Amino acid sequence: MPGELPSRIERLKHKAEVLFSRYQMLKEQKVLADEEISQLKATLAERDRQIENLNRDLDYMKVAVGVAPSKEELEKSRALLTHLVRDINKCINDLKQ
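Counting restarts for each chain, with residues numbered from 1 along the sequence as it is written. This being a predicted model, a pLDDT of at least 70 is required before a residue's local features are given, and a value of 80 or more before pairs of side-chain atoms are given or counted; all residues contribute to the totals for chains, interfaces and linings. Water and hydrogen atoms play no part in the side-chain values, which are based on all heavy atoms of the structure.

Draft legend 1. The arrangement of the overall build of the protein chain in detail. A helix here means a DSSP run of H or I that spans at least four residues, while a strand means a run of E at least two residues long, and both kinds are numbered starting from the N terminus. Looking only at helices and strands, the protein chain features two helices and zero strands. Scaling as 2.2 N^0.38, a compact globule of 97 residues should have a C-alpha radius of gyration of about 13 Å, whereas the protein chain reaches 32 Å, well beyond that. Principal-axis analysis of the C-alpha atoms gives the protein chain an extent of 95 × 40 × 15 Å. Across the 97 residues in the protein chain, those meeting the buried criterion constitute 1%. Note on areas: Shrake-Rupley, 1.4 Å probe, and residue coverage restricted to the protein chains presented here. Counting every atom, the protein chain has about 9200 Å² of accessible surface; 61% of that belongs to carbon and sulfur. His is not counted here, nor are the chain ends, while Lys and Arg score as positive and Asp and Glu score as negative. In plain terms, the charge of a residue is placed at NZ if it is Lys, CZ if Arg, CG if Asp and CD if Glu. Counting 18 positive and 17 negative side-chain charges, the protein chain places the averaged centre of each group 3 Å from the other. A radius of gyration in this sense is built from C-alpha atoms; the matching globule rule multiplies 2.2 Å by the number of residues raised to 0.38. Only protein chains enter the calculation, and the probe is 1.4 Å; a residue is then buried if its accessible area is under 20% of its type maximum, exposed if over 50%, and partly exposed in between.

Draft legend 2. Up close: the pattern of salt bridges. Whenever a carboxyl oxygen of Asp or Glu lies within 4 Å of a side-chain nitrogen of Lys or Arg, that contact is scored as a salt bridge. Tallied over the entire structure, the rule returns three salt bridges. One salt bridge in this structure joins Lys30 and Asp34, with 2.7 Å as the shortest N-O distance. Linking Lys30 with Asp34, this pair stays in helix H1 (residues 4–65), spanning four residues, or about one helical turn. Residue Lys30 is classed as exposed on the basis of its relative accessible area of 51%. Residue classification places Asp34 among the partly exposed residues on the basis of a relative accessible area of 35%. For Arg49, the salt bridge is made with Glu46, and the minimal N-O distance between the two is 2.8 Å. Linking Arg49 with Glu46, this pair stays in helix H1, spanning three residues, or about one helical turn.

Draft legend 3. The environment of Glu73, seen in detail. Residue position: Glu73 is located in helix H2 (residues 71–96). Note on Glu73: relative accessible area 38%, which makes it partly exposed. Distance in space between the C-alpha atoms of Glu73 and Arg86 is 20 Å, their sequence separation being 13 residues.

Draft legend 4. Spatial organisation of the environment of Gln24. Among the secondary structure elements, Gln24 is positioned in helix H1. A relative accessible area of 29% means that Gln24 is categorised as partly exposed. Between the C-alpha atom of Gln24 and that of Asp59, which follows or precedes it by 35 residues, the distance is 53 Å.

Okay, structure coming up:
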């Protein structure tokens, strides 16, 4: 019995060291995963901006081309042009002030 206590302490010490090394490894993996998540979120935001720009360009092209526009496309084009003219007028008024 008296020799059993030091061996138990040694086993517990060894287990604690293993747990600590596993904790360190997991901590490093979490840091790397967090960095990757940040990079992926930035990439996703950039792709969303690209999609938005491409959709806007597509709308502008539809307005510009106007090849046999349907009634709906014609109304959308007019609404878009009206919106753009209003934005331009707002900018002009802001510049005058």
